[in-house]
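A structural walkthrough
Chain by chain, the residues:
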Amino acid sequence: MDFRFSEEQQAAVEAALAVFGGVAPDSVPSPSLVAGAVADDFDRALWERLAAADLLSLLLDEEFGGAGLDAIALCLVLRESAKVLARVPLLESCAATAAVQAYGDEELRGEILRRAGTGELVLTVAAHGRTGHDPAELAVTAGRDGDLWVLDGVQTAVPWAHNADFVLVPAHTGADRTVLALVPRVHEGAVLAEQISTAGERLGELRLDSVRLPDRYVLDADGAWPWLRDLLTVGTCALALGLGTAVLGMTSDYTGKREQFGYPLATFQAVAVQAADRYIDLRAMEVTLWQAAWRVGTRAGGTLPVSGDVAVAKIWASEGVRRVVQTAQHLHGGFGADTDYPLHRYHAWAKYLELSLGPAAAHEEALGDLLAAHQLG
């Protein structure tokens, strides 16, 4: 078997490196120094560069101006974005447009996809439910009223909600099915309240009070939400991998130069062992990510459902990114808490990613249930 990335995937990485090469992780005020959000909007200049490099249309077919690539290509680009803490809705917008392409009708695809691929339209996804702990699809109800759909409910912690043009909202129907509703940010009955993430970014609590949408704005195909949820999850795992890789690199550089008792810190066995353990974490995060992304992108079959591979990737990403940043803070000593040094920003972003992925214990329980329900061997 050939586990190498394709030429097209490698080209996406090269384009990402060129775009993200000039991004500074400390381009906005530190979340430790401001009471509210670090900025009112995402990095629009970077968003335009991503569009110019065709990185917003990676998953779109050629007929919509895209490259027709897969989840692995998106994850490769997301990994590079996280290394510099790029403040753009790259994951959410790409995932939402991919869902519209896969499950929307011809009219909706024509209205949304090409404009989203050029960065003109920005999409995000409400994936955290009412409280952040309950299933997102149960937080909003959707029902028919003639030719329209009517939505009611609350979604919390919607990333980039105040700056996106549309929010893709999972909702359950009276028939116990899940649909995806494309809600315009400015729409009668839709109200946004500001929330702040641990990284200092603006999130939105989205309240829907009898929001009425035309039929074309609701994706009611079976499997649309599970597929989108898995794509968002592997994308978040890719962000965790990129962030952890950058943090371990910072730690290696610091401990190689910082001397104690006349010797670099990196030469002490206790320091080297901790760094080696975190390197192992990153390699495990990487291999489980690519396995899950391959299953999500190809929809390939396996002994376990794709949710099994996604659960394993979440376990390693959630635990791994936390361990990497904690070890980095420990090995940097007090320097790691200096707000003039970017490590504390990575720590804040890592906490946000960990919370977004959810606790590893819950994913281990879900994986255990899958193993119990499926005969292996």
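Here, every reference points to the structure presented above.
Residues numbered from 1 in each chain as written. Predicted model: local features only at pLDDT ≥ 70, side-chain atom pairs only at ≥ 80, totals over all residues. Heavy atoms only, no water.

Further remarks concern the pattern of salt bridges. Pairs may arise between side chains of opposite charge once their charged atoms sit close together. Taken as a whole and assessed by the stated rule, the structure comprises 23 salt bridges. We note a salt bridge from Glu194 to Arg202, for which the minimum N-O separation is 2.7 Å. For Glu194, a relative accessible area of 47% puts it in the partly exposed group. Of the charged contacts in the structure, one is a salt bridge between Arg283 and Glu286, with a shortest N-O distance of 2.9 Å. With a gap of three residues between them, Arg283 and Glu286 both fall in helix H7 (residues 269-298), about one helical turn apart. Judged by relative accessible area, Arg283 falls into the partly exposed class, the value being 30%. Among the charged side chains, a salt-bridge network with shared partners connects Arg278, Asp281, Glu319, Arg322, Arg323, Lys351 and Glu354. (Salt bridge = Lys/Arg side-chain N within 4 Å of Asp/Glu carboxyl O. Buried < 20%, exposed > 50% of the residue type's maximum accessible area, 1.4 Å probe, protein only. Helix = DSSP H or I, 4+ residues; strand = E, 2+ residues; numbered from the N terminus.)

Within the largest apolar cluster, 116 residues are counted, with the highest numbers of intra-cluster contacts made by Phe20, Ile112, Leu151, Leu228, Leu231 and Leu243. Among the elements that line this core, the one with the most residues is helix H6 (residues 224-257), at 18 residues. Contact partners of Leu151, with chain neighbours within four places excluded, come to Val140, Thr141, Ala142, Ala181, Val183, Leu208, Asp209, Ser210, Val211 and Leu213. Formed by six residues, the second largest nonpolar core is a distinct cluster that contains Leu304, Ala311, Ala360 and Leu367. (Core = buried A, V, L, I, M, F, W, Y, C linked by side-chain atoms within 4.5 Å. Contact = heavy atoms within 4.5 Å.)

Next up on the list: the pairing of strand E7 (residues 202-214). By the bridge criterion, nine bridges tie strand E3 (residues 148-159) to E7 in an arrangement that is antiparallel. Considered in E7, the bridge of Leu148 is made with Pro214. One ladder, built from seven bridges, connects strand E6 (residues 190-196) with E7; its direction is antiparallel. Of the residues in E7, the one forming a bridge with Ala193 is Glu205. The hairpin turn running from E6 into E7, its antiparallel successor, is five residues long, and Gly200 in that turn takes a positive phi close to 85°. (Pairing = 2+ DSSP bridges.)

A positive phi angle, close to 60°, is found at Trp160, a residue other than glycine. As for its position among the elements, Trp160 is in the loop between E3 and strand E4 (166-172). Although it is not a glycine, Ser210 adopts a positive phi angle of roughly 55°. Here Ser210 lies in strand E7.

Our next topic: the packing of aromatic side chains. Under the counting rule described, the total for this entry stands at seven aromatic pairs. Relative to Tyr217, the ring of Phe166 lies with its centre 5.8 Å away and its plane at 90°, an arrangement referred to as edge-to-face. A residue pair is termed long-range when its members are at least 10 positions apart, and Phe166 in strand E4 and Tyr217 in the loop between E7 and strand E8 (218-219) qualify at 51 residues. A single burial state applies to Phe166 and to Tyr217, both of which are buried. Ring centres of Tyr254 and Phe335 lie 5.5 Å apart, and the angle between their planes is 15°; this geometry places the pair in the stacked category. Here Tyr254 is found in helix H6, whereas its partner Phe335 is found in the loop between helix H8 (306-332) and helix H9 (343-357), with 81 residues between them in sequence. Tyr254 gets classed as buried once you look at its relative accessible area, which sits at 14%. Through pairs of rings, three or more aromatic residues link up here, namely Phe42, Trp47 and Trp160. The ring of Tyr279 has Arg283 sitting right over it, with the charged end atom 4.8 Å from the ring centre. (Phe/Tyr/Trp six-rings, centres within 6.5 Å; stacked < 30°, edge-to-face > 60°. Lys NZ or Arg CZ within 6 Å of the ring centre and 35° of its normal.)

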